[in-house]
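Topology and contacts: notes
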Amino acid sequence: MFKKMNKLLNLRIVNAGVWSMGSHGVSQVLRLASNLIMTRLLVPEMFGVMVIANMIIVGLSLFSDIGLGQNIIRSKRGSDPSFLNTVWAIQIIRGIMIWLLAVIIGVSLYFLNTLGITNGTSVYNEPILPMVIIAISFSAVISGFESTKLPLATRDYDQKNIAFMVVLSQLSSIVIMIAWVFFIDRSIWALVAGNLVGNAVKVVFTHTLLSGPSNHWEWDNDARKEVFHFGKWVFLSSLITFFFNNGDKLLLGGMISPELLGIYSIALIMINVFQTAISKLINATVFPALSKAYHDRKGSLKGIYYKFRIGMDSFIFSLVGVLLVTGSLIIDALYDSRYSEAGAMLQILSLILLSDRYMITERYLLAIGKPKDLTSLNIIRAVSLYIFVPIGFYLYGFDGALWMIVLSYFTGLPFMIYLKIKYNIFDLKKELITSPLFFLSIMLSMYIVSLFDKA
């Protein structure tokens, strides 16, 4: 009976993974297509401004992140309507607070620019930036009304409906952006409008397309206490994660021109495509599986962990080898000459993906209820980023900063190994068994490129 249930669970995990990766593939094709269209219709400076505006809204979201969705997935009360409705109420309040804080930031930035305090050549001095921040941050209010059916669908491996929802909302965003450019004007507001509409469509679909109990306002004190008890460490970890994941943009925004930051964002988009794919796959399959195993069969945790790790490591090692060789070719094939510098940036930034091998370890820490350790790990990374990048820029300019950004992703590795030993999920042989694929991928890519050059 147990074997039959285990086989059924494995089939659900595989099915969820297929739908998650399939939808991500479609989503990234749509994202790339819209990016290629918009980069030809808009100037690079607009993308530099959007990098900073998006960074601020993401930052505010992480500043107030208390793991609401993760709580639903891992909590034993995850199906209790009172618990879900309380989470929904907290989520709405959080969205409104994020927008109000963004308004304060936008207004403050406007007065700093007026008084001439900001650097006149940096992105922060762009006159339109304050209004873009205020407008795009309203998406937090919209997203606050997202149904709790979404994390329930993730917990139950219902990736099929999630896939349809994501693709349809993204299509809506793309249609609005293109329509704005052709019927209104070629301005940054096309990007803002697409973002807001895409979020609104997604919220509607979470209520109508997914199954589960409908939400209404409720305030259960026991649920609130559980949410904030788990969430206090998630909050701190998310806060540090923001300063780490967005530190490059935060620092470079004050160091380089909007045009160069816009070009950098193109290389970063390509890296984010793969990082998001890895994250989505892990969240859709690995995290629920580890959470369930922790509650039902703790003895199998290490086996489940390495089952996923070996497959993920094989993919990442092969991928990075390809990007190291073909990064410039990819950018030249997709974008016009204004963005050619992004090719070399992509080759360097591709090394970041090697650190994503340990994203499964991070989810493992959350699954066993150890977000405090994850917070410590993120602190190490963030501190190193803010020390290394200014030094790299001061000594070697933008190229030095770029290499320091990559290095900062690996500074937490010794502590990560310590945690793996502490929680009995460290196996040196399994850690290294897939590494030859990295070098094999580089050699194979170089050989294929040389064949095309001869042709």
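Coordinates for the structure precede this section.
Remarks on the overall build of the chain
The secondary structure content of the chain amounts to 19 helices and zero strands. Out of the 455 residues belonging to the chain, those deemed buried represent 52%.

Quick notes on the nonpolar core
Counting 99 residues, the largest nonpolar core has Y264 and L349 as the members making the most contacts within it. Looking at which element gives the most residues to this core, the answer is helix α12 (residues 258-296), with 17 residues. With residues up to four places along the chain from it excluded, the contact list for Y264 reads D248, L252, M345, L349, F398, L402 and I405. Ranked by size, the runner-up nonpolar core spans six residues in total, among them L150, A153, M165 and L210.

Some points on the packing of helix α13 (residues 301-334) against helix α15 (residues 359-367)
Remark: α13 packs on α15, axes separated minimally by 10 Å, with the N-to-C direction vectors making an angle of 155°. Comparing their axes, α15 and α13 come out roughly antiparallel. The chirality of how α13 crosses α15 is right-handed. Contact with α13, carried on its side by L301, Y305, F308, R309 and M312, involves I360, T361 and Y364 of α15 and no other residues of that element.

Some thoughts on the packing of aromatic side chains
Taken as a whole and assessed by the stated rule, the structure comprises 10 aromatic pairs. Both rings, one in Y305 and one in Y306, keep their centres 4.9 Å apart while their planes meet at 80°; by these two values the pair is edge-to-face. Y306 shares its class with Y305; the two are buried.

Concerning the environment of E126
Tracing the backbone through its elements, the reader meets E126 in the loop between α4 (81-114) and α5 (129-136). For E126, a relative accessible area of 25% gives the class partly exposed. When the C-alpha positions of E126 and P258 are compared, they lie 8.5 Å apart, and in sequence the two are 132 residues distant. Setting aside its immediate chain neighbours within four residues, E126 contacts V49, N113 and P258.

Focus: the packing of α4 against α5
Closest axis-to-axis distance for the α4/α5 pair is 8 Å, and the angle between their directions is 175°. Considering the angle they form, α4 stands roughly antiparallel to α5. For the pair α4 and α5, contact is made by W99, A102, V103, G106, V107, L109, Y110 and N113 and by L129, P130, I133 and I134, respectively. Considering only residue class, the contact of α4 with α5 consists of 10 nonpolar, two polar and no charged.

Here we look at helix α14 (residues 342-349)
Of all eight residues that make up α14, six are buried, and the element is covered over most of its length. Of all the residues in α14, the buried ones are A342, G343, M345, L346, I348 and L349.

As for a nonpolar patch on the surface
The grouping of I379, V383, I387, I391, Y394, L395 and Y396 at the surface amounts to a nonpolar patch, some 790 Å² of accessible area in total. Within the secondary structure, I387 sits in helix α16 (residues 371-408).

Remarks on the environment of R357
Looking at the element boundaries, R357 is found in the loop between α14 and α15. Among all residues touching R357, those that are not within four sequence positions of it are R309, D313, I316, F317 and E431. Separated by 3.3 Å, the side chains of R357 and D313 make a polar contact. Among the polar contacts made by the side chain of R357, one reaches the main-chain carbonyl oxygen of E431 at a distance of 3.0 Å.

Considerations on the pattern of salt bridges
Scanning the entire structure with this criterion turns up seven salt bridges. One salt bridge connects R363 with E362, and the closest N-O pair in it is separated by 3.9 Å. Overall, the relative accessible area of 13% leaves E362 in the buried class. Salt bridges sharing partners connect three or more residues here, namely R309, D313, R357, K420 and E431.

Details of the side chain of S173
Relative to the assigned elements, S173 resides in helix α8 (residues 159-183). Ignoring sequence-local partners within four residues, the contact set of S173 consists of G194, N195 and G198.

Some words on α8
Taking 1.5 Å per residue as the helical rise, α8 with its 25 residues ought to reach 36 Å, and the 36 Å between its terminal C-alpha atoms agrees with that figure. Listed as buried for α8 are Q159, I162, A163, M165, V166, V167, S169, Q170, S173, I174, M177 and V181.

Notes on the side chain of N215
Considering the arrangement of structural elements, one finds N215 in the loop between α9 (189-208) and α10 (221-245). A polar contact of 3.2 Å, which involves the side chain of N215, links it to the side chain of S147. The residues contacting N215, other than those within four sequence positions of it, are L84, N85, W88, S147, T148 and H207.

Conventions we followed
- Residues numbered from 1 in each chain as written.
- Predicted model: local features only at pLDDT ≥ 70, side-chain atom pairs only at ≥ 80, totals over all residues.
- Heavy atoms only, no water.
- Helix = DSSP H or I, 4+ residues; strand = E, 2+ residues; numbered from the N terminus.
- Buried < 20%, exposed > 50% of the residue type's maximum accessible area, 1.4 Å probe, protein only.
- Core = buried A, V, L, I, M, F, W, Y, C linked by side-chain atoms within 4.5 Å.
- Contact = heavy atoms within 4.5 Å.
- Axes fitted to C-alpha atoms, helices over the stretch in contact; angles between N-to-C directions.
- Parallel < 35°, antiparallel > 145°, perpendicular 65-115°, else oblique.
- Left-handed = near helix turned anticlockwise from the far one by under 90°.
- Phe/Tyr/Trp six-rings, centres within 6.5 Å; stacked < 30°, edge-to-face > 60°.
- Nonpolar A, V, L, I, M, F, W, Y, C, P; charged D, E, K, R; others polar.
- Patch = residues over 30% accessible without salt bridge, like charges linked within 9 Å, V, L, I, M, F, W, Y side chains within 5 Å.
- Areas by Shrake-Rupley, 256 points an atom, 1.4 Å probe, with all protein chains shown as cover.
- Salt bridge = Lys/Arg side-chain N within 4 Å of Asp/Glu carboxyl O.
- Polar contact = N/O pair within 3.5 Å; in protein donor to acceptor, adjacent residues only side chain to side chain.
- Expected span 1.5 Å × (residues − 1).

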